[in-house]
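# Tertiary structure, described
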Amino acid sequence: AFANNGDLKIARLEVERAKARLNQAGLRANPTLDIEQTSGNWVGSKGDNEFSVGVSVPIDIYNQRKRRIDLANAEITLKEAEVSARQRELASQIFLDYAESLASLRELEILENLLEIDMQTVVFVQIRVNEGDTAPLELNLLQTEVERLRSKRELAIGRLNVAITKLKFYAGIQPNEPLKLRENIANAQLPQLPSTLETSISLALKNRPEIRLTELEESLANTGLRLIRSQSRPE
């Protein structure tokens, strides 16, 4: 998914654009050559001629070049954090769909076993009804239960197919390509949760991507403000 997801590809391109802007921010402004010539020939004053050459060399003052570089570096850090945040969000979504797939698969296995047992029971009860040992009502109730299990089985199959389709979408797998779940619900490797509430809060404040992005956006805004202040002074 990290290699094929379209949103991640776009986010990585934004990182490359930010790095290109860093190269641009470190460049010094090009000098300008001005050439001017005037002539009085058009007004009948042939001796009234002027020719001038001027060179303009822009100079970065008030640390403007350093401010531009700092701003570009801050933008790179922010874009890289956005890539990490998208990866974390994508991994979380894949994990949820994977867990849903395992749960649906387990439910389907249970329903298949129950349905097989009930079908065998229907055959046994049918024989007893034919022999007059059991009332037909009991057979009808059992057949109703079989149909209910079949309906639940179809719903479980639908949920399993939906979850697998989502997994293929997020992983960039073609819909017609096969996808087999390696684990089952019993031996699936699930992430370990923190042992205490305080640890959970501490880890969340440290690792949550939206908090990190907000801090980086604040840093980027402060860096941009310093650049604007340096550029607002007289040149």
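Here's a quick rundown of the structure. Source: prediction; values computed, not measured.

Moving on, we come to the pattern of salt bridges. Applying the stated criterion across every chain, the model contains twelve salt bridges. Between Lys 66 and Asp 70 there is a salt bridge, with the nearest N and O atoms lying 3.0 Å from each other. Here Lys 66 and its partner Asp 70 are both found in helix 2 (residues 64-130), four residues apart, which amounts to about one turn of the helix. Relative accessible area serves as the criterion here: at 46%, Lys 66 is assigned to the partly exposed category.

It is the contact of helix 1 (residues 6-26) with helix 2, at a shortest axis distance of 8 Å, that shows an interaxial angle of 170°. Between helix 1 and helix 2, the angle falls in the class roughly antiparallel. Residues that form the contact of helix 1 with helix 2 fall into these classes: eleven nonpolar, three polar and eleven charged.

Across its 36 residues, helix 3 (residues 136-171) extends 53 Å between first and last C-alpha, which sits within 8% of the 52 Å expected from 1.5 Å per residue. Of all the positions in helix 3, only Leu 139, Leu 142, Val 146, Leu 149, Arg 153, Ala 156, Leu 160, Ala 163, Ile 164, Leu 167, Lys 168 and Ala 171 are classed as buried. Tucked inside the fold, the buried residues of helix 3 contact helix 2.

When you line up the elements, Gln 64 lands in helix 2. The exposure class of Gln 64 is buried, given its relative accessible area of 9%. When residues no more than four places from it in sequence are discounted, the contact partners of Gln 64 are Leu 227, Ser 230 and Gln 231.

In the Ramachandran plot, Tyr 62 falls in the positive-phi region, its phi being about 55° despite a non-glycine side chain. By the element assignment, Tyr 62 lies in the loop between strand 2 (49-56) and helix 2. Backbone geometry places Asn 63, a non-glycine residue, at a positive phi of 60°. Within the secondary structure, Asn 63 sits in the loop between strand 2 and helix 2.

So, on to the nonpolar core. Val 122, Val 125 and Leu 139 are the most contacted members of the largest nonpolar core, which totals 13 residues. Broken down by secondary-structure element, the contributors of at least two residues to this core are helix 2 and helix 3. If near-sequence neighbours (up to four positions away) are discounted, Val 125 is found in contact with Thr 134, Leu 139 and Leu 142.

With that out of the way, let us pick up the packing of aromatic side chains. Under the definition given, this model contains one aromatic pair. Aromatic side chains Phe 169 and Tyr 170 sit 5.4 Å apart centroid to centroid with 65° between the ring planes, which places their arrangement in the edge-to-face category. A relative accessible area of 63% places Phe 169 in the exposed class.

Calculation notes
- Residues numbered from 1 in each chain as written.
- Predicted model: local features only at pLDDT ≥ 70, side-chain atom pairs only at ≥ 80, totals over all residues.
- Heavy atoms only, no water.
- Salt bridge = Lys/Arg side-chain N within 4 Å of Asp/Glu carboxyl O.
- Helix = DSSP H or I, 4+ residues; strand = E, 2+ residues; numbered from the N terminus.
- Buried < 20%, exposed > 50% of the residue type's maximum accessible area, 1.4 Å probe, protein only.
- Axes fitted to C-alpha atoms, helices over the stretch in contact; angles between N-to-C directions.
- Parallel < 35°, antiparallel > 145°, perpendicular 65-115°, else oblique.
- Nonpolar A, V, L, I, M, F, W, Y, C, P; charged D, E, K, R; others polar.
- Expected span 1.5 Å × (residues − 1).
- Contact = heavy atoms within 4.5 Å.
- Core = buried A, V, L, I, M, F, W, Y, C linked by side-chain atoms within 4.5 Å.
- Phe/Tyr/Trp six-rings, centres within 6.5 Å; stacked < 30°, edge-to-face > 60°.

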